[in-house]
Amino acid sequence: MEIFGIPTQALFGQLLIGLINGSFYALLSLGLAVIFGLLNIINFTHGAQYMMGAFCAYFLLTKLGIGYWWALAVTPLAVGIIGMVIERLMLARLYKLDHLYGLLLTFGLALIIQGLFRNEYGTSGIPYALPQELAGGHNLGFMFLPNYRAWVILASIVVCLATWFMIEKTRLGAYLRAATENPQLVQAFGINVPRMITLTYGFGVALAAFAGVMAAPIYQVNPLMGADLIIVVFAVVVIGGMGSIMGSIVTGFALGLIEGLTKVFYPEASNTVIFIIMAIVLMIKPAGLFGTQR
Amino acid sequence: MSAVHELAPRAGGFAHQRIAAAVMIAFFALAPLVAYPVFLMKVMCFALFACAFNLLIGYGGLLSFGHAMFLGTAGYASAHAAKAWGFPPEFAILFGTACSALLGFVTGLLAIRRQGIYFAMITLALAQMVYFFYLQAPFTGGEDGIQAVPRGKVFGLLDLNNVWGMYMLVFAVFVGGFLLIHRAVHSPFGQVLKAIRENEARALSLGYDVNRYKLLAYVLSATLAGLAGATKVLVFELASLTDVHWTMSGEVVLMVLLGGLGTVFGPVVGALIIISMENYLAQIGSWVTVVQGVIFVICVLTFRRGVIGELGRLIGKPL
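Residues numbered from 1 in each chain as written. Chains lettered and ligands numbered in written order. Predicted model: local features only at pLDDT ≥ 70, side-chain atom pairs only at ≥ 80, totals over all residues.

Draft legend 1. View of the overall build of chain B. Summing up its helical and strand segments, chain B has 14 helices and four strands in all. Computed over its C-alpha atoms, the radius of gyration of chain B comes to 19 Å, within 12% of the 20 Å expected for a compact globule of 319 residues. Principal-axis analysis of the C-alpha atoms places the extent of chain B at approximately 50 × 45 × 40 Å. Residues classed as buried in chain B amount to 53% of the 319 residues present. If you take every contact in chain B between residues at least 6 apart in sequence, the share linking residues at least 24 apart comes to 77%. (Helix = DSSP H or I, 4+ residues; strand = E, 2+ residues; numbered from the N terminus. Rg over C-alpha atoms; globule rule 2.2 N^0.38 Å. Buried ≥ 20, exposed ≤ 12 C-beta atoms within 10 Å, placed from the backbone. Contact = placed C-beta atoms within 7 Å.)

In structure tokens:
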């Protein structure tokens, strides 16, 4: 069977890869958006923290014999706590300065973290075995769907929607949105804003680490796995605009799909298509598809 | 950036800045007597690159995280012109620089639509797109780059295969570029640029076409970065992917941050320190990235004025 001269197996296969990439774009840009909302900094360390998530899962498995499912729960917590320490010790000193200093600091941290891991583990990936429960797959008739990939898409949709629900629909999220608008006023109401900032940063980092654990069985564990990815995620963020949580989720998945389609129809452009879309969006709607200029 | 504002040089030349400029020029004129000339040429190329970057952040308040695309584009263009088309070096450099200027114009139109953090992210993303283009384009030689770029003779007279001929060219390009930036910053154009950085809305209300000035600064910065890249290619006879990679964009940010954002001489000193570090610490190999990261963190947390900024504060005059 063929569609537009492309075998359906290949078409749906690439679409699946696109959806998987989209899951990671969504999780990572969501974390960036949550952090940016409250801290007003772009977390350049995000890619390194995603990588740390994958390595943490690998360490848990090889050093402590803790498997995938526990790693999925423990890793975001561990990397998130490291993130909170970084926020308290370093980022907290920069809030009164130009926001660009936050970008420079987190860029430096990313260089340090990625450099240290690369010195220790080189640049060739380390395989991480699929969890046994999710080995194998289903034949859907038009394509073969590996169970693990279905799980990644499902889990990231659930986590993204849960994050959206927490921020937009709960009391905690209301505090968060209020602090984004006017931190002084929220502080005056007796809410500990500095602690909220720390926890928010930790949460954003935990999302990156969660994505890292999920990526480990697919992409292998590699010290530089987040280095180039984060630049693509920045473009995703510019396209979506950071004004809305749902915006970053939708943009992430949509761009993953578009990238997958490009691989089928014009593979030469698959690396650059997201950047080209960014350029077009900047020409038409500079604030981003879901953003508000501020 | 707040630290930049206090230290940005005022209009008109200061006597001490002239003295400092004379010291710097004398340094690069005499240093090859004691130091390795190729090392000094590398420093001058990167110093010009850093000065071009500083023009944008120091006077325009725009942090570009994609300046490697201009360094690399000019490098590939001039290498291709010299090797495949047999251009003499002066035209190869001119052609490479013009290509970067054009790229600066196109990317500038997009990037100046947003400010601050977004500007940084957009320039980074655009530079990554340019990187992938060169990775796939057939004429760049992919991972190998363009090797054995012929140096030739400038105007048919100055033989660049002689190390001193090459040194004279790099020296002239560096000093010329430096003085051009100095001139631009102290011209009415530079004054308007500073006004925009301080208060964009006010400059707009005074009738200045803000976007046109920003674009002009961006293109000028791209052009000079390209000039540095084209010259560097002739020095090393090699154009490679290293020059367009995002790590190079980060490196130039580091040079300027360490030397002093918005200072006149900071980028030169920053380039000298970073290139020396890379040269003399070559045995630590892959640790260079870690060391660079540590310098970033220390600069941002405790040393935001940079070397020259602190020095200027000590003597009470902007340098």
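Next comes the rest of the description.
Draft legend 2. Up close: the overall build of chain A. A tally of regular secondary structure across chain A gives eleven helices and four strands. Relative to the compact-globule value of 19 Å for 294 residues, chain A shows a C-alpha radius of gyration of 19 Å, a close match. Principal-axis analysis of the C-alpha atoms gives chain A an extent of 65 × 50 × 35 Å. Within chain A, the fraction of its 294 residues that count as buried is 50%. Restricting the contact set of chain A to residue pairs at least 6 apart, pairs at least 24 apart contribute 76%.

Draft legend 3. Spatial organisation of the interface of chain B and chain A. Counting residues at the interface gives 35 residues for chain B, matched by 34 residues for chain A. When residues of the side of chain B that touches chain A are traced back to their parent elements, those giving at least two are helix H6 (116-136), helix H11 (246-259) and helix H13 (287-302) of chain B. Looking at which element gives the most residues to the side of chain B that touches chain A, the answer is H6 of chain B, with 14 residues.

Draft legend 4. Layout of the confidence of the model for chain B. All names here are of chain B. Per-residue confidence for chain B gives a mean pLDDT of 90, with 96% of residues at or over 70. Looking across chain B, the model is least confident in helix H1 (residues 2-7), with a mean pLDDT of 44, and most confident in helix H4 (residues 68-83), with 96. Here residues 1-12 scores under 50 on pLDDT; set against residues more than four positions off or in separate chains, the count is 28 contacts. For this predicted complex, the interface confidence score (ipTM) comes to 0.88, while the overall pTM stands at 0.91. (pLDDT = per-residue confidence, 0-100.)

Draft legend 5. Representation of helix H10 (residues 210-236) of chain B within the structure. Residues and elements named next belong to chain B. Between its first and last C-alpha atoms H10 spans 39 Å; for 27 residues at 1.5 Å apiece the expected length is 39 Å, and the two agree. Of all 27 residues in H10, 20 are buried; the element is thus mostly enclosed. Immediately downstream of H10, the backbone of glutamate 237 shows phi near 55°, a positive value. (Expected span 1.5 Å × (residues − 1).)

Draft legend 6. A look at the environment of glycine 260 of chain B. Residue and element names in this part refer to chain B. Secondary-structure assignment places glycine 260 in the loop between H11 and helix H12 (266-280). Spatially, the C-alpha atoms of glycine 260 and glycine 306 are 3.9 Å apart, while their sequence positions differ by 46 residues. Residues contacting glycine 260, with those up to four places away along its chain left out, are Gly266, Arg305, Gly306, Val307, Ile308 and Gly309.

Draft legend 7. Representation of the nonpolar core in the model. Grouped together as the largest cluster of nonpolar side chains are 199 residues, with contacts concentrated most on Ala235 and Met278 of chain A together with Ala47, Leu48, Phe49, Met121 and Ala125 of chain B. The greatest single-element share of this core, amounting to 17 residues, is contributed by helix H3 (residues 37-60) of chain B. (Core = buried A, V, L, I, M, F, W, Y, C linked by C-beta atoms within 7 Å.)

Draft legend 8. Just unusual backbone geometry, in detail. A positive phi angle, close to 60°, is found at asparagine 40 of chain A, a residue other than glycine. The phi dihedral of phenylalanine 155 of chain B falls on the positive side, at around 50°, and the residue is not glycine. Checked against the element boundaries, phenylalanine 155 of chain B lands in the loop between strand E2 (153-154) and strand E3 (158-159).

Draft legend 9. The arrangement of the environment of leucine 157 of chain B in detail. One can find leucine 157 of chain B in the loop between E2 and E3. It is 38 Å that separates the C-alpha atoms of leucine 157 of chain B and phenylalanine 132 of chain B, two residues lying 25 residues apart in sequence.

Draft legend 10. Here's a closer look at helix H8 (residues 188-198) of chain B. All names here are of chain B. Where H8 is concerned, the buried positions are Gly190, Leu193, Lys194, Ile196 and Arg197. Summarising the axial view, the buried residues of H8 lie within an arc of 160°, below the 170-degree limit, and thus occupy one face. Counted as exposed and oriented over 90 degrees from the buried face of H8: Pro188 and Glu198. Considering only its buried residues, H8 is in contact with H3, helix H7 (163-185), helix H9 (200-205) and H10. (Arc of directions from axis to C-beta.)

Draft legend 11. Quick look at the packing of helix H2 (residues 46-64) of chain A against helix H3 (residues 68-89) of chain A. Residue and element names in this part refer to chain A. Put simply, H2 and H3 touch, their axes get as near as 9 Å, and they point 130° apart. Considered as vectors, H2 and H3 are oriented oblique to each other. Crossing angle aside, the handedness with which H2 passes H3 is right-handed. Residue-level contacts link Gln49, Met52, Gly53, Cys56, Ala57, Leu60 and Leu61 of H2 to Ala71, Val74, Thr75, Ala78, Val79 and Gly83 of H3. Class assignment for the residues of the contact of H2 with H3 results in nine nonpolar, four polar and no charged. (Axes fitted to C-alpha atoms, helices over the stretch in contact; angles between N-to-C directions. Parallel < 35°, antiparallel > 145°, perpendicular 65-115°, else oblique. Left-handed = near helix turned anticlockwise from the far one by under 90°. Nonpolar A, V, L, I, M, F, W, Y, C, P; charged D, E, K, R; others polar.)

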